[in-house]
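Close look at the chain arrangement
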Amino acid sequence: MIRIGKRTLALGSATALLAAGGAVTAAQSVQAAPATPTCQAGDLYLAVGSPQGAAGSFLYPVEFTNTSTHSCALRGYPGVSVLTTGHAMIGAPAARNGVPVTTVVLAPAGTAAATIRTNDPGVVPSCRTTSTYLGVYPPASTQQMLVPFHLRVCGVFEISPVQSP
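As a starting point, this report considers the structure included with it. (Residues numbered from 1 in each chain as written. Predicted model: local features only at pLDDT ≥ 70, side-chain atom pairs only at ≥ 80, totals over all residues. Heavy atoms only, no water.)

Another aspect to go through is the overall build of the protein chain. A tally of helices and strands in the protein chain yields 1 helix and 13 strands. If you list the helices and strands of the protein chain from N to C, you get β-β-α-β-β-β-β-β-β-β-β-β-β-β. Burial status across the protein chain gives 36% buried among its 165 residues. Restricting the contact set of the protein chain to residue pairs at least 6 apart, pairs at least 24 apart contribute 70%. Surface exposure of the protein chain reaches about 9,300 Å², of which carbon and sulfur atoms provide 56%. (Helix = DSSP H or I, 4+ residues; strand = E, 2+ residues; numbered from the N terminus. Buried < 20%, exposed > 50% of the residue type's maximum accessible area, 1.4 Å probe, protein only. Contact = heavy atoms within 4.5 Å. Areas by Shrake-Rupley, 256 points an atom, 1.4 Å probe, with all protein chains shown as cover.)

With that out of the way, let us pick up the environment of proline 139. Counting through the fold element by element, proline 139 comes out in the loop between β11 (133-137) and β12 (145-148). Under the relative-accessibility criterion, proline 139 is labelled buried at 1%. C-alpha separation for the pair proline 139 and proline 78, spaced 61 residues apart in sequence, amounts to 4.6 Å. Setting aside anything within four residues of it in sequence, one finds proline 139 in contact with Thr38, Phe64, Leu74, Arg75, Gly76, Tyr77, Pro78 and Val162.

The next point concerns the state of the cysteines. Simply put, disulfide is the name for a covalent bond between the sulfur atoms of two cysteines. Under the definition given, this model contains 2 disulfides. The disulfide bridge from cysteine 127 ends at cysteine 154, spanning 1.9 Å between sulfur atoms. Between cysteine 127 and cysteine 154 the sulfur-sulfur dihedral comes to about 105 degrees; the bridge is accordingly right-handed. Of this pair, cysteine 127 sits in the loop between β10 (111-119) and β11 while cysteine 154 sits in the loop between β12 and β13 (157-159), and the two are 27 residues apart along the sequence. Exposure remark for cysteine 127: the relative accessible area of 26% places this residue in the partly exposed category. Ordering the disulfide-forming cysteines of the protein chain by sequence position, one finds them joined as 1-2, 3-4. (Disulfide = S-S within 2.5 Å.)

To continue, consider the sheet that holds β11. Spatial strand order, β7-β11-β12: 3 strands in an open sheet with antiparallel pairing. Each edge of the open sheet carries a strand with a single partner, namely β7 (79-83) and β12. The average undirected angle you get between the axes of adjacent strands in this sheet is 25 degrees. Bridging between β11 and β12 involves 4 bridges; their strand directions are antiparallel. Note on β12: the bridge partner recorded for valine 136 is methionine 145. (Pairing = 2+ DSSP bridges. Axes fitted to C-alpha atoms, helices over the stretch in contact; angles between N-to-C directions.)

Below, the structure is given as structure tokens:
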């Protein structure tokens, strides 16, 4: 028996196929390329970039930089919370904004970003206490990373999935 794609042919059928000019390959040991490992918190450096204003909102990039010596992948949404000096959450964590998810492969020193969106306090006066830290869980991670950052969440508090620059 010889396997061709999803079909298995008897040896006689395979010989007939060869005689007819078809291609038959004997069963081979084919190794798949190893999957790129998921970036772990220890592989990453986090920073928050400068805000950009847009239609009554402020957008803050949360930048993930691969500090390891190997490529790693990020897929999905990070978990983001605003925290007090004592690391207590101030309100609910950021909601996912519904943008489709892609996989981003970060080479060593490569950077990708997710974007926080909140409203301008002049547009939405209901604001939380200003944070001392952001608590960030990289996608597919259970380890929270702390980033010293003063963020005043007003109205909406959303996060995008990690995306290539």
